[in-house]
Structures are given as C-alpha cells and as structure tokens.
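# Observations on the three-dimensional arrangement
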Amino acid sequence: MSGVEWVQVLGMGRHGLYVWPAFGLTLVILGGLLLHGWQARRRLQRALRQRWRRERRP
Amino acid sequence: MNWTWLHRLGSPAIFYRLAGRLQGPCLALAGVLLAVGLVWGLFLAPPDYQQGDSFRIIYVHVPAAFLAQSCYLLLAVAGAIGLVWRLKLADVALRAAAPIGAWMTVIALATGSLWGIPTWGTWWIWDARLTAMLVLLFLYLGVIALGQAIEHRESAARACAILALVGSVNLPIIKYSVEWWSTLHQPATFSLVARPPMPAAMWLPLLVMVLAFYLFFAGVLLQRMRLEVLRREWRSRWVRLELGEEGA
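This section reports on the structure supplied with the text. Model, not experiment: these values are computed from the prediction.

This part takes up the interface of chain B and chain A. Across the boundary between the two partners, chain B contributes 32 residues, which contact 24 residues of chain A. Among the secondary structure elements, those contributing two or more residues to the side of chain B that touches chain A are helix H2 (12-44), helix H3 (58-85), helix H4 (88-120) and helix H8 (200-233) of chain B. Broken down by element, the side of chain B that touches chain A gets its largest block of residues, 10 residues, from H4(B). Looking at the side of chain B that touches chain A residue by residue, the class counts come to 21 nonpolar, five polar and six charged.

This is the structure we're talking about:
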C-alpha cells in the first residue's frame, strides 16, 4: 500500500476524527479492565502472604 | 431433577478452580475474535451509503451497548438469587460485574457521542434512548457506591441486590425507547425475528465483535469473581493451598 492510500484509509473519508478515538477509547478501557484485574490479584496475593507470615510468627 | 451440581458449583473452592480453567480460554478466544472483528470492521466492511465511514463506530458501540444492558440483567438475576436463596456467589457475581457493566455503559455513551457528531450534528441530546442509557450508568454507579459504603457484608449484599432489581425497570425502557418515543436514535440493529437491515458484509463483523465482547466480559467477570472469592475466603485452608503457601 502506498503512503497516499494509507492516509486515505486512516482518514476514513474525513470521519477518522470520530472513528479512531471511538476504537481507541474502547481498546484502552478493555485493556484497562484486564490489567486492573491482573494487578489487583498480584496485590492481593502479596497482602495475603504477608498476613499469613505475620500469623505464623510466634 | 438432580441439582447437586448446582450446590457443588456454589462452593467457593470448586467455583474458584472451575473459573480458573475457563477464564484463560474465554480471554484468548475474545482476543482472537476482537482482532478479526476490528480488522474486518475497520478495513474490509464496505462504508455505509449515507453515513460513509463513520458508521464503523457501530462495531464498538453496539457490542458495548448490548453488554451494558445484559450485564445489568445479570446484576438483577444475581440480586434475586442472592435475596431468595442467599447464595454467596450471587453477591460475588453482582459486585464483580457492576464495574464492568459501568465501563461498558461509558463506552456505549462515549462512542455514541462520537458517532452523533457527524451523523446528527450534535454529541448529545436529551433523547429517550440516550437519557435511559445515562440512567443505566447512574444505576451502576449506585450499586458500586452502595457496596462500598456499607461495611456489613450481608447488609451491603441486600442493598445492592434491591437496587439492582429495582433498576432493572430501566432495561425495557432502554430497549423500547426507540419505539415508544420519537427519537433521533436508530431502531434496534439486531432482532430475533427479522433479518438485519444491512448486508452480510456489514453485520457479520458486527456479530464477531458482539461475540468477542461477550467472551471478554465472561473472562474478566471470572477473573474478578475469583479475586473476590479470595478476598472473602482468605482464612480457608484451600486458599492457602491454591496460592502455594507453605505450611498450609
């Protein structure tokens, strides 16, 4: 694909200003939901291990 | 009918393990379908004869709007099960699904606004469909806030379940708003009894995106429910074993 064709595809017939932010926002939110779940699990695992370690101490 | 499987599934430990096995395949399949749907919808589907390329926003707007409503229905069903049978997992599902539903509503509203600028000439109008979707967002925020504001777990579960049930009145209003009132919003894209009012080259990628969103939702919901189960059951021996804690 030549450079001009890419510009036309990305321009979306002058609607690129609306189409790309719509898709970008959606993907950011979906990615954020997934990432938040993974990070929350890691944080919880760390907190639980610390709590159990404290409980085991005499 | 033998209902022992349901009672077994209601056990947090069994649910945690089963959800762990389902979560990965759901997310992996959602990723593949999302990639296919995005490429198909953005580059291969033909532009609309009236709206041009701005119609491509449909491929994220409609799946998010479907999911926003389905997720609230799930909240209402989980609330009813929690209130009637006092199943712990029903409250876990309700609390885990609410933030996902809220974000799906945000996507539907934001992408709808972006689509509205080139199509209607405005990003917002106090139209019946749009206003009902905004009310849905407030209902989700209400459920989330209520769950966080009440410390006693059982009281919080009951309050969230009641709000979820009462709020479900908004679902038929959203669905039929385009028929009951004169609105700017177009009628339903998919119907169970009629062919979609667009060619297959346009609705097939939409179907792929809808499936991708539902699978993504299932994967993230299971992920969040497992997390909530761990938070509630951290004193149990099976949690220590699951997390590989020595000396369990």
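Turning our eyes to something else, we now look at H3(B). The end-to-end C-alpha distance of H3(B), which contains 28 residues, comes to 39 Å, matching closely the 40 Å that a straight helix rising 1.5 Å per residue would cover. Arg86(B) sits one or two residues past H3(B) and shows a positive phi near 55 degrees.

Let us look at the packing of H2(B) against H8(B). All names here are of chain B. The interhelical angle for the contact between H2 and H8, taken along N-to-C directions, is 150 degrees, at an axis separation of 7 Å. On the basis of the axis angle, H2 is roughly antiparallel to H8. In this structure, the crossing between H2 and H8 has a hand that is left-handed. Considering only residue class, the contact of H2 with H8 consists of 24 nonpolar, six polar and two charged.

Scoring rules and cut-offs
- Residues numbered from 1 in each chain as written.
- Chains lettered and ligands numbered in written order.
- Predicted model: local features only at pLDDT ≥ 70, side-chain atom pairs only at ≥ 80, totals over all residues.
- Contact = placed C-beta atoms within 7 Å.
- Helix = DSSP H or I, 4+ residues; strand = E, 2+ residues; numbered from the N terminus.
- Nonpolar A, V, L, I, M, F, W, Y, C, P; charged D, E, K, R; others polar.
- Expected span 1.5 Å × (residues − 1).
- Axes fitted to C-alpha atoms, helices over the stretch in contact; angles between N-to-C directions.
- Parallel < 35°, antiparallel > 145°, perpendicular 65-115°, else oblique.
- Left-handed = near helix turned anticlockwise from the far one by under 90°.

It is worth stressing that arrangement in space is one thing and function is another; only the former is reported here.
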